[in-house]
Amino acid sequence: DIPSLAESYADYFPIGAAIEPYQMTGLHADMLKKHMNWLVAENAMKPASLQPREGEFQWEQADRMVQFARENKMELRFHTLVWHNQTPDWFFLDAEGKPMENETDPVKREANKKLLLERLDTHVRTIVERYKDDIRSWDVVNEVIEPADPDGMRASLWYKLTGTEYIETAFRAAREAGGSDIKLYINDYGTDDPVKRDRLAELVTELLDKGVPVDGVGHQTHISIHWPTVDSIIESMRKFHELGLDNLVTELDMSLYAWNDRSDFGEDIPEEILQKQADRYGELFEAFRSNQELLSGVVLWGIADDHTWLSSFPVTRTEAPLLFDELLQAKPAFWAVVDPLQQP
Ligand code: G3I
């Protein structure tokens, strides 16, 4: 019988996994109960899942996750109130059903902006009010920084139609609806990159100066066995820690391939690749442990290699980014993370 991941880390920080609804039963559920003390919905709590049509909230899957977490004394975190992806079109249609983006009349554009921010406010408040007693940690906005876009802000419809007001509205509505017991995060990938990290820090500082209630930064941490350096990940956390913010690792996984590489290991992943992955995972968790004051939790983006978004991104191929293999068995990476904590 192998040790429990979460129990091994009990003195350090909680460990979680992203899940799909089907994983709340059977072998996946057994693994969650044994190895994780946090959970997050991989897709079930995104805007398109919760409010596919205006005013028609669909709670069934999200409610089941809340129930599952409660029954198993696990903490559920929320992903995500706002995103540019998996968000239904109706948000961005004007009162006549036309795309707000196409409006050229400044007066009508202003009215559209108001309508969009009202819709956002309703979306956020309705969800936060429902789950505030069960969910403490919330991704309020996701992936708003894009260094290649104007101002370093992702040129999403949200940004094009409201500037940074959508970010302010979302955080303020969440705080008002949820009170100060819930923790509000700005979540992004590539936060180790100095340019992106600095733009994010600048934005967060501006928000805090305006009294916008941001509690922490979620670092997705979709990394690979080749990049980035563990030091750059820790350095970024230190930067936000110094700004008085909490850090969370929210979507950790580790691709077997280099960025821009489109090759495929096929059925047989070379052993040295899995060993390299284990070494990297070991190094990363060692850095998390020795800098535990910088972070308050680590969430993996999946349970095991049988289900991972990376097997269809950026191309369809064999991927194995997690700590358990496609047969749900512990990989070298699992042992690299857990072994240093075993009693002699
Ligand atoms: O639900 C539909 C199903 O009805 C349909 O038959 C099927 C056919 O393609 O698609 C299903 O939806 C898929 C959905 O996952 C649920 O499985 C979408 O196509 C697919 O695009 C979607 O991918 C998700 C992706 O976000 C969307 O951008 C991944 O599962 C999810 O892991 C990924 O998660 C994101 C985080 O939210 C933010 N950070 C990056 C991370 C990885 O991309």
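Above this text is the structure in question.
Since this is a predicted model, take the numbers as computed values, not measurements. (Residues numbered from 1 in each chain as written. Predicted model: local features only at pLDDT ≥ 70, side-chain atom pairs only at ≥ 80, totals over all residues. Heavy atoms only, no water.)

Enquirer: Can you help me understand the overall build of the protein chain in this one?
Expert: Within the protein chain one finds 11 helices and 9 strands. Its C-alpha atoms give the protein chain a radius of gyration of 20 Å, near enough to 20 Å, the size a compact globule of 344 residues would have. Each principal axis of the C-alpha distribution contributes one length, and for the protein chain these read about 70 × 40 × 40 Å. Counting all 344 residues of the protein chain, 56% fall into the buried class. Once local pairs closer than 6 in sequence are excluded, the contacts in the protein chain between residues at least 24 apart make up 75%. For the protein chain, the accessible surface area stands at approximately 15,000 Å², while carbon and sulfur atoms represent 48% of it. Once the 35 positive and 63 negative side-chain charges of the protein chain are each reduced to a mean point, those two points are 5 Å apart. (Helix = DSSP H or I, 4+ residues; strand = E, 2+ residues; numbered from the N terminus. Rg over C-alpha atoms; globule rule 2.2 N^0.38 Å. Buried < 20%, exposed > 50% of the residue type's maximum accessible area, 1.4 Å probe, protein only. Contact = heavy atoms within 4.5 Å. Areas by Shrake-Rupley, 256 points an atom, 1.4 Å probe, with all protein chains shown as cover. Lys, Arg positive; Asp, Glu negative; His and termini not counted. Charge placed at Lys NZ, Arg CZ, Asp CG, Glu CD.)

Enquirer: Looking at this structure, I do not really get the packing of aromatic side chains. What am I missing?
Expert: Ring pairs (aromatic) are described by centroid distance and by the angle formed between their planes. Scanning all chains against the criterion turns up 20 aromatic pairs. Each ring, one from phenylalanine 334 and one from tryptophan 335, has its centre 5.0 Å from the other, and the planes form 85°; the classification is edge-to-face. Of the residues examined, tryptophan 335 reaches a relative accessible area of 31% and is grouped as partly exposed. Clustering of aromatic rings is evident, with ring pairs tying together Tyr9, Tyr12, Phe13, Tyr281, Phe285 and Phe288. Between the NZ or CZ atom of arginine 77 and the centre of the ring of tyrosine 185, over which it lies, the distance is 5.4 Å. Arginine 317 extends its terminal NZ or CZ atom over the ring of tyrosine 257, reaching a point 3.8 Å from the ring centre. (Phe/Tyr/Trp six-rings, centres within 6.5 Å; stacked < 30°, edge-to-face > 60°. Lys NZ or Arg CZ within 6 Å of the ring centre and 35° of its normal.)

Enquirer: Where do I start with the site of the ligand in this structure?
Expert: Lining the immediate environment of the ligand, one finds 15 residues, of which Glu42, Lys46, His79, Glu251 and Trp301 sit closest. Within the side chain of asparagine 43, one N or O atom sits 2.9 Å away from an oxygen atom of the ligand. The separation between an oxygen atom of the ligand and a polar side-chain atom of histidine 79 is 2.7 Å. Compared with its free state, where it exposes 790 Å², the ligand has 47% of that area covered by protein. (Near = heavy atom within 4 Å. Polar contact = N/O pair within 3.5 Å; in protein donor to acceptor, adjacent residues only side chain to side chain.)

What is shown is where atoms sit, not what they do.
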